[in-house]
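Residue-level structure breakdown
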Amino acid sequence: MPKSFLICQFILNNVLDPLVLLPMLGFAWSRIRGGFERPRWIGPFVMVVAFDLLQGIVFTAMAYRHLNNQWFRHVFDPLVFLGILWILFLTQPSSRRRRWQYFSCGAVGIVAAVVGFSLNTMHFRNALFTSVMSLAFLTFCTFELRRMLLLDDAIPLERQPVFWLYTGLLILGSGTLIFNAISNYFLHVLPKSLILIPWVVMSCVYSIHYVFIAKVFLCRNPTSS
Amino acid sequence: MQEPHLVLIFFLTTVVVVMLCWLALFSLVHAKGRIIRTQREMLEAERRLRLKHDAFTQNAHHELRTPLQVISGNLEMLRLMDPSPDQEKVIAQAIGATQRLTTLVQRLLDLAALADGTLKLHPALTNLGTHFAVLARDFGQSALAKGLGFEARWPPMDRPVLCDAQRLEQIVACLLDNAVAFTPRGSIHFRVEGTVHAERCALRIEVEDTGIGLPDDWARLLQPFEQGDASLTRARCGLGVGLPMVAGLVALMHGRLGFERLPIGTLAWVEVDLETRSTEALG
């Protein structure tokens, strides 16, 4: 086994993968200590994060047992995507236009998941769907952040949970877009010595995302002056 | 392309994208923080300005009105000291100027009180006919002195109404004052119509003149310190506080104020809905 492969595997397994627990740890800490903001969408968001964590654990466990786990991702990634879209939708007051935008995006995601599955088969990543997912997060979060900036309120952005949610998803969407588009190509062409490097890079991006998602639960309640 | 190069390009591109993302978010947070700071500074400046405004209003009561009252009293005393005809003429001019200044100061104070919501109405049962008669007499004299015709007409006020007669008089006086001031020739009509229905009296007061008329953008005259002609060579002096005060008082009475441009001159009207009582209520 090449040395670089072993190093990457070590980093992935022992340093980056455990960071997937950060969001739930953040949530647990916020419940234990109290005094943190709890907007109305935080409950459904916890459910989505917990579901994502659960399917991530199953996926990793299948990998450790050398089972083909791509089909698992093909099935559960779209569910997580729809869950996050639902949360993004809940973060702002509903309107006809907004409902239409999010519903359309969800429908496009489902179509991409089905088409991507038939294109990439059960043995490769669903490049089409994951790219669409990244693009959707990138687009929606950019618009939501712009709207937040223009909002006439006096609360600094960094004190609002929703800001960290948008930011986390924006970094995830922008950082993973290229990887999602060409990951199957990597699987085809990269030698074993290099194959895990893109996955390490992606795990770093995911780690930043997890830190931001943990911060969603750790925004202090505003104190009255 | 060699595979290590491919991986390197991918790595660098991802790093650049994430860094750009960070930079954009940092700029966003910084910009929002600056907006909030600016908003706070503006609110603080507005608060300080309001405090100064309140302090000025309080001081103005004492520092402007009290000396004017003293001057006015002294001038009246001088007039009683058997002055020569020349002296009497000078004293009369001084009294006239003092009265104008007193009115102006009072209007400024009223306007300030209207602006910060401290001006309150003091409704009482009153016979408005008496007040209209006083107004017609005073402004009739002013109009005649200027060579204008003056016609006043109001219905018999059988029932007393509940209103702040002093403030209503102030409104009508201001409209009549403007009519006299801005009418070089012709006549002024002062009309009152009252419709009594179920213990309510809908009062419509009209002041019609044959003066210079309203400018196209007359709505701005309802804003404080606006003048029809703001040039230094304008025909009539003033601070532009009369109509804003009228508008404020009418609003306070839940009434309506309007201006209509006539072929020659202007029609100003005020509508207020007042409560009526039987004549015995006056005692």
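For clarity, every value in this text was computed on a predicted model and none was experimentally measured. (Residues numbered from 1 in each chain as written. Chains lettered and ligands numbered in written order. Predicted model: local features only at pLDDT ≥ 70, side-chain atom pairs only at ≥ 80, totals over all residues. Heavy atoms only, no water.)

1. Topic: the overall build of chain A
In terms of helices and strands, chain A carries eight helices and zero strands. Reading chain A from its N terminus to its C terminus gives the helix and strand order α-α-α-α-α-α-α-α. Counting across all 225 residues of chain A, residues that qualify as buried make up 48%. The long-range share in chain A, meaning contacts at least 24 apart out of those at least 6 apart in sequence, stands at 74%. As displayed, chain A has an accessible area near 11,700 Å², and 69% of this comes from carbon and sulfur atoms. (Helix = DSSP H or I, 4+ residues; strand = E, 2+ residues; numbered from the N terminus. Buried < 20%, exposed > 50% of the residue type's maximum accessible area, 1.4 Å probe, protein only. Contact = heavy atoms within 4.5 Å. Areas by Shrake-Rupley, 256 points an atom, 1.4 Å probe, with all protein chains shown as cover.)

2. Overview of the confidence of the model for chain B
When pLDDT is averaged across chain B, the result is 86; 93% of the residues are at 70 or more. Of the two predicted TM-score estimates for the complex, the pTM is 0.63 and the ipTM is 0.79. (pLDDT = per-residue confidence, 0-100.)

3. Thoughts on the side chain of Q92 of chain A
Residues and elements named next belong to chain A. Relative to the assigned elements, Q92 resides in the loop between helix 4 (70-90) and helix 5 (96-120). Relative accessible area serves as the criterion here: at 13%, Q92 is assigned to the buried category. In this structure, Q92 is in contact with R40, R98, E144, R147, V162 and Y166, ignoring residues within four places of it in sequence.

4. Topic: the interface of chain B and chain A
Counting residues at the interface gives 21 residues for chain B, matched by 33 residues for chain A. Across the pair K32 of chain B and D153 of chain A runs a salt bridge whose closest N-O atoms are separated by 2.9 Å. Where chain B meets chain A, there are four residue pairs in polar contact (both at pLDDT 80 or more). Residues belonging to the side of chain B that touches chain A are distributed by class as follows: 15 nonpolar, three polar and three charged. (Salt bridge = Lys/Arg side-chain N within 4 Å of Asp/Glu carboxyl O. Polar contact = N/O pair within 3.5 Å; in protein donor to acceptor, adjacent residues only side chain to side chain. Nonpolar A, V, L, I, M, F, W, Y, C, P; charged D, E, K, R; others polar.)

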